[in-house]
Every structure is written in structure tokens, then in C-alpha cells.
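Analysis of the macromolecular model
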Amino acid sequence: MQYRCPKCQSPKIMPVAQPGQAAPRPVVPKSLMFLVPALFLLLLLVIISIAMWLFADGPGPTFPPATLSAFFLSSMHLPPCSPPPAVVPCPFPVAIGTVRLSAPLVLAPLAGYSDLPFRLLCREHGAALCVSEMVSCHGLVFGQRNTFELMRTVDAERPFGLQLFGADPEAMGRAAALVDTRPVDLIDLNMGCPVRKVVKKGAGVALMKDPERAAAIIRAVCAHTRLPVTVKFRSGWDAANLTAPQFAVMAEEAGAAAVVVHGRTWAKEFGGQADWN
């Protein structure tokens with residue numbers, strides 16, 4: 001028996017049973033050949049799960065479950081997942097000016113990494129304070145849009161610290177006044193960046209070789225903000241000039257509420273072993 005295919009309109013021959021012969025077997029598509037075993041396995045899983053729920057010790061899950069997958073998991077009586085380890089709290093809250101830290105973990109600023117999403121992740125995992133990427137004082141004073149984008153924050157990450165860098169005391173003071181109007185809780189001054197393009201302009205770790213200018217910057221910033229001011233610097237310029245103790249005393253006398261020491265010299269940059277002494 002001939003007929004035409006509804007798709008390609010080509011003639012086809014349909015087998016017809018002859019007198020005294022059995023009817024031809026229908027052709028089952030290959031895509032349906034796997035459907036029956038899959039349905040059988042699904043039915044078997046449902047029966048096993050119901051049996052485990054009925055005969056398991058203890059109260060078992062509430063029936064019916066919200067979803068089938070939730071019922072499968074609850075019927076297995078798996079042990080609860082261990083909660084993440086809690087951050088060991090400080091014996092007493094650490095105060096940096098008006099900022100009180102409830103945990104001994106602080107996210108240090110790192111250009112290209114410590115943006116808002118990363119800071120929020122660190123807050124969720126126990127950081128008591130997160131500091132922004134380093135922000136140019138000149139970018140703030142000149143109103144550069146990309147610079148102000150680095151200051152973006154949300155209430156969920158408070159307290160929030162912002163790091164400024166620059167070598168001009170006047171510009172640093174004006175930038176601090178702008179930061180003071182934003183939702184910021186602390187200003188950190190970068191005096192430890194070893195990147196050569198920063199050091200060539202007299203900023204970053206270059207200020208450790210000019211403590212008088214560094215002191216002028218700290219005083220200018222403190223005079224233009226009500227926020228606590230911290231200073232981040234290195235152990236020194238090189239192994240022969242480990243001036244961190246003297247620099248810390250200078251920063252405190254100039255008005256810094258706290259100091260942070262990176263245990264590497266400018267010569268080591270980000271390599272080598274840090275000096276924890």
C-alpha cells in the first residue's frame with residue numbers, strides 16, 4: 001500500500017498483512033526505547049523511598065514533602081552537614097577610634113581585588129572590617145568617575161574602610177574631606193605600595209624615605225575628617241633600613257589611630273618571606 005510522507009511528500013510503502021499472515025510489528029522510535037526503563041527506575045526509587053520512610057527508626061520526615069527531591073533526601077536520614085567553623089572572637093572588642101571590631105580578621109586593601117563583591121564575601125566569612133582598593137587623592141579632587149566608583153559600598157559591609165594614596169598633603173586633606181561625606185567609617189593611608197609608578201611620584205612606600213612629608217600628610221588628613229585614620233606601611237626600604245618602629249611612632253604622634261605593618265621591605269615587593277618579628 002502506497003502513501004505520501006506528510007513532510008517530504010515522497011511515496012512510501014506501508015506493509016500490509018496478507019491473508020493468513022500476522023500483522024507487521026509497528027516500528028518504535030529509538031527515542032522512546034529508553035523511556036520505559038527510565039520510568040521503571042523512577043517508580044522503583046519512589047517505592048524504595050516510601051518503604052524507607054515507613055520502616056525507618058525515628059519520627060522520619062513530614063509527609064508529604066514540599067518536593068520529590070526533598071523527600072528523597074529526607075528519607076535517607078543523612079547526618080546534618082557540619083556548620084562552618086566560627087571565627088574565634090577577640091577577648092574584647094578592638095577599637096580603632098570610633099570603629100569597634102568584633103573579630104580579629106581584617107581584609108587588607110589590594111588593588112584589583114578588594115572590590116565590593118569580594119569585600120562582601122569576606123564579610124560573610126568572618127572579616128570584621130574590609131578596606132577598599134587604594135583610591136587616588138587626585139582622582140577624588142578632580143572628580144574622576146572611575147575613582148568614585150571605587151568608593152561604592154552598601155550597608156551590609158559596614159564598618160567600611162577606604163584607603164587613600166598620594167604624596168601631596170593638601171590634596172590628601174581635600175580628598176579626606178570628600179571621603180568624610182560618604183558612608184565610610186575609617187580612612188587608611190597607603191604608605192607601603194611598592195609599585196614603581198606609584199613610588200616615582202613620591203607616594204606609597206616612597207614616603208618611608210621622607211617621614212616629614214608622611215607626617216604632614218597624616219596631619220592634613222586628620223584635620224579634614226572626623227573619621228579615624230590608620231596608616232599602612234612596610235618594614236622598611238630594604239634590609240639595611242628597617243625603619244618601621246620609628247615610622248610607627250611618627251604616625252602615632254601625627255594623629256594616626258592605628259598602624260598596619262606589611263612585614264616586607266620595598267626591595268622584596270610581594271615576594272620572599274614576610275618578617276613576622
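Read on for a plain summary of the structure. (Residues numbered from 1 in each chain as written. Predicted model: local features only at pLDDT ≥ 70, side-chain atom pairs only at ≥ 80, totals over all residues. Heavy atoms only, no water.)

1. Some points on the packing of helix 7 (residues 169-179) against helix 9 (residues 211-223)
- Put simply, helix 7 and helix 9 touch, their axes get as near as 8 Å, and they point 25° apart. Of the possible angle classes, the one that applies to helix 7 and helix 9 is roughly parallel. In this structure, helix 7 meets helix 9 at a crossing whose hand is right-handed. Residues Pro169, Met172, Gly173 and Ala176 of helix 7 form the contact with helix 9, whose own contacting residues are Arg213, Ala216, Ile217, Ala220 and Val221.
- Looking at the contact of helix 7 with helix 9, its residues break down into seven nonpolar, one polar and one charged. (Axes fitted to C-alpha atoms, helices over the stretch in contact; angles between N-to-C directions. Helix = DSSP H or I, 4+ residues; strand = E, 2+ residues; numbered from the N terminus. Parallel < 35°, antiparallel > 145°, perpendicular 65-115°, else oblique. Left-handed = near helix turned anticlockwise from the far one by under 90°. Contact = heavy atoms within 4.5 Å. Nonpolar A, V, L, I, M, F, W, Y, C, P; charged D, E, K, R; others polar.)

2. Observations regarding the nonpolar core
- Ranked by size, the top nonpolar core spans 39 residues in total, and within it Leu164, Val179, Leu189, Met191 and Val231 carry the most contacts.
- Elements that contribute at least two residues to this core include exactly helix 5 (137-141), strand 7 (160-165), helix 7, strand 8 (186-191), helix 9, strand 9 (229-236) and helix 10 (244-254).
- In terms of residue count, helix 10 provides more of this core than any other element does, six residues in total.
- Those residues in contact with Leu189, other than ones at most four positions away along the chain, are Gln163, Leu164, Met172, Ile217, Ile218, Val221, Val229, Thr230, Val231 and Lys232.
- Ranked by size, the runner-up nonpolar core spans seven residues in total, among them Ile96, Leu101, Ala128 and Leu186. (Core = buried A, V, L, I, M, F, W, Y, C linked by side-chain atoms within 4.5 Å. Buried < 20%, exposed > 50% of the residue type's maximum accessible area, 1.4 Å probe, protein only.)

3. Let's talk about the pairing of strand 10 (residues 258-265)
- Bridge count between strand 9 and strand 10: six bridges; the pairing is parallel. Opposite Val231, over in strand 10, you have Val259 as the bridge partner. (Pairing = 2+ DSSP bridges.)

4. A word on the pairing of strand 8
- In terms of burial, strand 8 is largely enclosed, as six of its six residues are buried.
- Residues Leu186, Asp188 and Asn190 of strand 8 are buried on one face, and the alternating residues Ile187, Leu189 and Met191, pointing to the opposite face, are buried as well.
- Bridging between strand 7 and strand 8 involves four bridges; their strand directions are parallel. Of the residues in strand 8, the one forming a bridge with Gln163 is Asp188.
- Following the chain from strand 7 across helix 7 to the adjacent parallel strand 8, one finds a crossover that is right-handed.
- Sheet topology places strand 8 next to strand 9; five bridges connect them, and they run parallel. If you follow Asp188 over to strand 9, its bridge partner there is Thr230. (Right-handed = clockwise from strand over helix to strand, strands pointing away.)

5. Focus on unusual backbone geometry
- Omega for the bond connecting Arg158 with Pro159 falls within 30 degrees of zero, at 0°, which places this linkage in the cis form.
- Looking at the element boundaries, Pro159 is found in the loop between helix 6 (145-149) and strand 7.

6. A look at the sheet that holds strand 5 (residues 106-107)
- Read from one edge to the other, the open sheet built from six strands follows the order 5-6-7-8-9-10, with strand pairing classed as parallel. Both outer strands of the open sheet, strand 5 and strand 10, are each paired with one neighbouring strand and no more.
- Helix 4 (residues 116-124) rests against strand 5, strand 6 (129-136) and strand 7 of the sheet, and its axis sits at about 160° to strand 6.
- The strands touched by helix 9 are strand 8 and strand 9; relative to strand 8, the strand with the most contacts, the crossing angle is about 165°.

7. As for the packing of aromatic side chains
- Summed over all chains, the structure comprises two aromatic pairs.
- Between Trp237 and Trp266, the aromatic rings sit 4.3 Å apart at their centres with planes inclined by 5°, giving stacked as the arrangement. Taken as a pair, Trp237 in the loop between strand 9 and helix 10 and Trp266 in the segment after strand 10 lie far apart in primary sequence, 29 residues in all.
- Above the ring of Trp237, the side-chain terminus of Lys209 is found at 4.3 Å from the ring centroid. (Phe/Tyr/Trp six-rings, centres within 6.5 Å; stacked < 30°, edge-to-face > 60°. Lys NZ or Arg CZ within 6 Å of the ring centre and 35° of its normal.)

8. Let's talk about the packing of helix 9 against helix 10
- Across the interface, helix 9 lies against helix 10 with an axial gap of 9 Å and an inter-helix angle of 30°. Relative to helix 10, helix 9 is oriented roughly parallel. Seen along the crossing, helix 9 lies across helix 10 with a hand that is right-handed. Between helix 9, through Pro211, Ala214, Ala215, Ile218, Arg219 and Cys222, and helix 10, the contact on the second element is made entirely by Phe247, Met250, Ala251 and Ala254.
- Residues of the contact of helix 9 with helix 10, tallied by class, amount to nine nonpolar, no polar and one charged.

The analysis is restricted to geometry; functional conclusions fall outside its scope.
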